[in-house]
Each structure stands twice: as C-alpha cells, then as structure tokens.
Amino acid sequence: MSSDQESCYLCKEYLRDPVSIPCGHIFCTICLKTYWDHADHSGSYNCPECRVTYNKRPTPRRIGGSRRTGTTRTSESFPPPPPSPDYQLAGPQDVGCDICVGKKHKAIKSCLMCLASYCEKHLQPHFESATFKRHKLVDEIGHLDRQICPQHQKGLELFCRTDQMCICVLCTVKEHKGHDMVSAEQERSDEQQRLGATQAEIQEKIHDRLKQMEELKHAVDSLKTSAQMAMKECEKLFGDMLRSIERMQQEMIKLISSNKRAALNNAEGHMDRLNHEIEDLKRRDNEITQLSRTEDHIHFIQSYHMLIAQNEAEELPSVTVNPYFSFGPVSKAVSEMKQHLHEFSNEELVKVAQIVNKMPFCQLDDAKRKQSIKAETAEVDMTYRMPTKEPKSREDFLKYACPLTLDSNTAYQQLYLSRGNRKAALKRDPQSYSDSAARFDCLPQVLCKEPLSGGCFYWEVDWSGEGASVGVTYKGIKRTGYGDSCRIGYNRKSWSLFCSDSSYSARHSKDQMEINAPYSSRIGVFLDHTGGTLSFYSVGETMTLIHRFSASFSEAVYPGFWVWYESAITICQL
C-alpha cells in the first residue's frame, strides 16, 4: 500500500467509498464486502493486507472524502467505480502465470520443459498443439528457475550424493567428477521410501493427537458439566445467604421500629401530662389575676391563703430529655457487620481462586513447552535477549511506575480526552482543539507529554471496545496523512501492540507478528530504554509476557495510542 493511500489493496484502483477496519487498513467498500462474503462459511475474518484475524465480522467505518492529497479533482476526472475483485488473479501467495501481461492470473500448471507456469487460458496450447506433446506438466510450482543449473543453464537431471545437491549433465564433467551420482528419479525413489517412514511416523502422531483430542473433548464436556453444577450450587448457596441477610435486615428494622414506637409512646404520655399541668397552672394564674383586682378585702384574705397553700403543697415532676439519644449505634453496628462480611468474603474468594487456579486443566509437557517457546522465538527477529534484572512480580514493576498524561496538542480531532487527560475515546463529533502542527490530522492517535529516556519505566493501560494499539514512538513520527509513516508501529520510528477481542499483533516497521494469548483488558508496558527492550504484559494475579521488542533506542520515546471507534484507552494511576 502506498504511503498516500490512494489505491485499494484488493482491486489496485483508486479508493472508492473507502472504509477502515480495526487494524487501520483501508479498502473500497465493495472490495472488502466481496472479500469477507467469501469468508462467511468459515466464520473467521482476516484483514486482506496484514492478516489480523477477527472472530466476528468487524463493522467497517466509512471515511469521507477522496484519498488523494494532491490537486483537487472534479467529479468528471474520477475513474469509474472499480469492478468487484477478480479472485482468479494471483495474490501474494499464489503462483502467477508467466504469459499474462499486466495483472497476472493464477497458474494452474507448470511445464518442466518450458520452465514456465500457465493459467487456464494460456495452458490450452499444451493440450491442443503437437509441439508440446512431449512436455511434462505438473501442478503449479513457484521458482522454476530452481529447475535450471545456475552455472550451465541446463535442466537439473542428476543428484550428487557427495555434495547433496541437484546437478545437470555438464556438472559431471568437471565440478562433480568422480562423485557419487544417481539420477534424480533414483534419488526420488530412495527418498520416497524414507518419506514413507516419516509419513508413517506422522500418521502415528496424528493418531496420538486424535486420541488426545478425544480425551480433551471428554474432559471439556466434564468441565462444562462440573462448572454448570458448581454455578447452580453457588447460586443456591448465595441465595440462601441473601435470604439470611434479608432476615437480619428485617430483624434490625423490627428492633428499630419497636424502640421507636416505645420511645414515642413514652414521649406522648409525658406531653399529655405536661399539657394538663400547663392548663391547671394557667387557670390558677387567671384566679390570682382576678383576686388581685377584687375590692373585697375579706374575700382577698381568705382566697389568698388558700391559693398560696395549694401552690406550696404541689410539687410538679420535671421531664428530662436525653440530648444524645439516637439510633446511630445501630447504623454503626450494621456498618461494622458489612465491613467484616466484605473482608471475610474477599479473603475466602481469594483462597478459592488460588485453589482453582492451581489446578491446571490441560498443559504441554515441560520439554515440549520449552521447545515450543524456542521455536516461536526463532520465527521472528523482533524478540531478543532478556534484560539482566527484569522485574518479575507486579510489585517489582511498580517500582518503575511513571505518571503519564495525554497531550491534547497531538490528539486527533475526534478523540475525546477526559479524566485529567488520562482517557481517550474516539467520538463521531470533532472536539474543539486549537490548531497544532503536532496533531495527527487523519489517524485516531494521541501521544503522551512525557519523553522517556535513560532508564526503566512502567505504566499500565486499560482498553475496551473493538480494538486499540499501545506503543511508543520517537517525536519525529509524521503527523499528516493516512500512510504507514504516520501509524504507530508501522515504521522504523515506532513500536506497538495491537489489541482486539480475539488476538494481539506486535508491529514494528515492516515486521508483524500475530500472538495468541489470553484476553486481557489491562496491559502493562515495561520500557528499558538503556537496555533496549520494550515489553508488554497481561496484568493479573501474575504478570504474563505477551511480547517483547528489542531495539537500540537512539533518542527519547513518547508513549502513544491508536483508538478505534467505540473503543477507549485509559492510563491507570499507579
């Protein structure tokens, strides 16, 4: 794909109605639809360009406007819509017809006499003309030049057992004179027997694998049954616990209600008595007022002594109110009960999880696992030596934790930053960012403000949605356009780990590695800038290595992110 993204990878024409998929590659709508319609029967969908696999068919996102960045083109100057992709055309993995001019069709046969491969159309002369009657046709094979002796330009017909190589007749005169030589047919016959023994061994391994597969299937069925029974039993037991807690709740409500009711009845009784006493005192106060106004001295003297004696003889009890009475102790007791229950349940859940996690369901033998790891390491050049003092536990990694913040001056217009510029989500509406030459104008990417160099650094990222990339880049990465020179991980200036719901993909420059690892929504990144390693981990009870890059970092790097639609990344506070 060209750096300016003018053409579709499938039809090789100008992009028409372009759409983008989670890995970031862009195609014509009709081309991508036709390509994935052919994959519907398998249920697995690959990116036609980088081969990233998706378990479910992604929803392509439309990209408005022409892909061309040069001069403005009128509607009349656009080429007609490209035709549906011709799947008879040779792809990168196919053998192309040597006769086709321009776009080559897939070859179906190769001629060992002509040393050429032919598509169905150009193969017809070999069937129709007597000239080609003695030619030998075989299923299409690539690299027909390997059938010719590079020194004498003659067909390879013999095999030199001394030098273990195919030779031509002229090679026997000088270069291989006196060597143990047989015809290619004889060597093929001898090796065919050895191949038969190898095939028998492979078939025996297939039988063993099928047997192990059956055992694994039975174990999986038992696992499902056991898990279902455990879930039902746990559901019942937790239901009983919930009902017990509800009973405790009802008892507590009943206790509070009964005490409230008793206190209210007591208070209401005191209030009635106080009302009666207040009315009696008001009546006597009124009698004293009337007596003070009387002009009958005898009546005054007689009534005065009676009122004074009545008042001195009566002592009214006082009502004392407790100002500290409340139901706060009840709330406190329930709160403490909740805390104890929370701590106890967490401790028990951890114990159960540790017991279950220590019981492996199935695993490779140690020797085979080491061989598998060694083979995977040998397949790619992007994985190198381990740092001399790399942390092991999460506590060790956290010693190198560094605070990071997203730089709004680099954020794509539709990236919404929140949580103090630690979270980025791709929205449909552009944000009101100011103009900045550092901003990615076409790709949903954002960098952090902090340059990292000369030591070890660790940070963690939570991601969600259909897809996101986590990585680092030099400051000089290109900011304008859709090309690989702008994409984090697609050039020599950056490294990234692409995360989807089904797989991971490690990317640097032209190298790409598909990684099968358990899904994790939190990725830990450990950068040893001095030692030259960048490692990605799945963060959990243990730190599980997903992939490690090795590089000689020549300058400071900036953490960066690529975010897909309805996806988000959050830099965790450690």
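Each value, and the rule that gives it
Residues numbered from 1 in each chain as written. Predicted model: local features only at pLDDT ≥ 70, side-chain atom pairs only at ≥ 80, totals over all residues. Heavy atoms only, no water. Pairing = 2+ DSSP bridges. Helix = DSSP H or I, 4+ residues; strand = E, 2+ residues; numbered from the N terminus. pLDDT = per-residue confidence, 0-100. Axes fitted to C-alpha atoms, helices over the stretch in contact; angles between N-to-C directions. Patch = residues over 30% accessible without salt bridge, like charges linked within 9 Å, V, L, I, M, F, W, Y side chains within 5 Å. Areas by Shrake-Rupley, 256 points an atom, 1.4 Å probe, with all protein chains shown as cover. Salt bridge = Lys/Arg side-chain N within 4 Å of Asp/Glu carboxyl O.

Q: Residue-level account of the pairing of strand E13 (residues 423-426), with values.
A: Summarising the sheet, strand E12 (residues 415-418) and E13 pair through four bridges and their orientation is antiparallel. Paired with leucine 415 across the strands is leucine 426, a residue of E13. If you look at the hairpin formed by E12 and E13, you'll find four residues sitting between the two strands, and arginine 419 has a positive phi there, around 50°. In this structure, E13 lies alongside strand E24 (residues 568-571), joined through three bridges in antiparallel fashion. Across the sheet, the residue bridging to alanine 424 is isoleucine 569, located in E24.

Q: Outline the confidence of the model for the protein chain, supporting the account with residue identities and numerical values.
A: Residues of the protein chain with pLDDT of at least 70 account for 87%, and the chain-wide mean is 82. When pLDDT is averaged over each helix and strand of the protein chain, the minimum, 45, is found for helix H6 (residues 366-379) and the maximum, 96, for strand E14 (residues 445-447).

Q: Provide a residue-level description of the environment of cysteine 31, including the pertinent values.
A: Within the secondary structure, cysteine 31 is located in helix H1 (residues 29-37). Along the backbone, cysteine 31 and leucine 15 are 16 residues apart, and their C-alpha atoms lie at a distance of 9.8 Å.

Q: Could you give me a rundown of the sheet that holds strand E23 (residues 557-563), with the residues and numbers involved?
A: As a general point, the strands of a sheet are linked pairwise by backbone hydrogen bonds and lie either parallel or antiparallel. Overall, antiparallel pairing links the six strands, which are arranged E14-E23-E16-E17-E18-E19 in an open sheet. Both edges of this open sheet fall to E14 and strand E19 (511-515), since each of them pairs with a single strand only. Taken pair by pair, the neighbouring strands of this sheet meet at an average axis angle of 15°, ignoring direction.

Q: Describe in detail the sheet that holds strand E10 (residues 165-167), supporting the description with residues and values.
A: Pairing in this open sheet of three strands is antiparallel, and the strands run E10-E9-E11 from one edge to the other. Strands at the two margins of the open sheet, each flanked by one partner only, are E10 and strand E11 (181-183). Across the sheet, the mean angle separating the axes of adjacent strands is 35° when strand polarity is ignored. Sheet topology note: the strand E9 (residues 158-160)/E10 ladder contains three bridges and is antiparallel.

Q: Before we move on, can you summarise a nonpolar patch on the surface with the specific residues and values?
A: Side chains of Leu242, Ile245, Met248, Met337 and Leu341 sit close together on the surface and give an oily, nonpolar patch of about 450 Å² of accessible area. If you list the elements that add at least two residues to the nonpolar patch, you get helix H3 (184-293) and helix H5 (328-357). With three residues, the top contributor of residues to the nonpolar patch is H3. Locating isoleucine 245 in the fold gives a position in helix H3.

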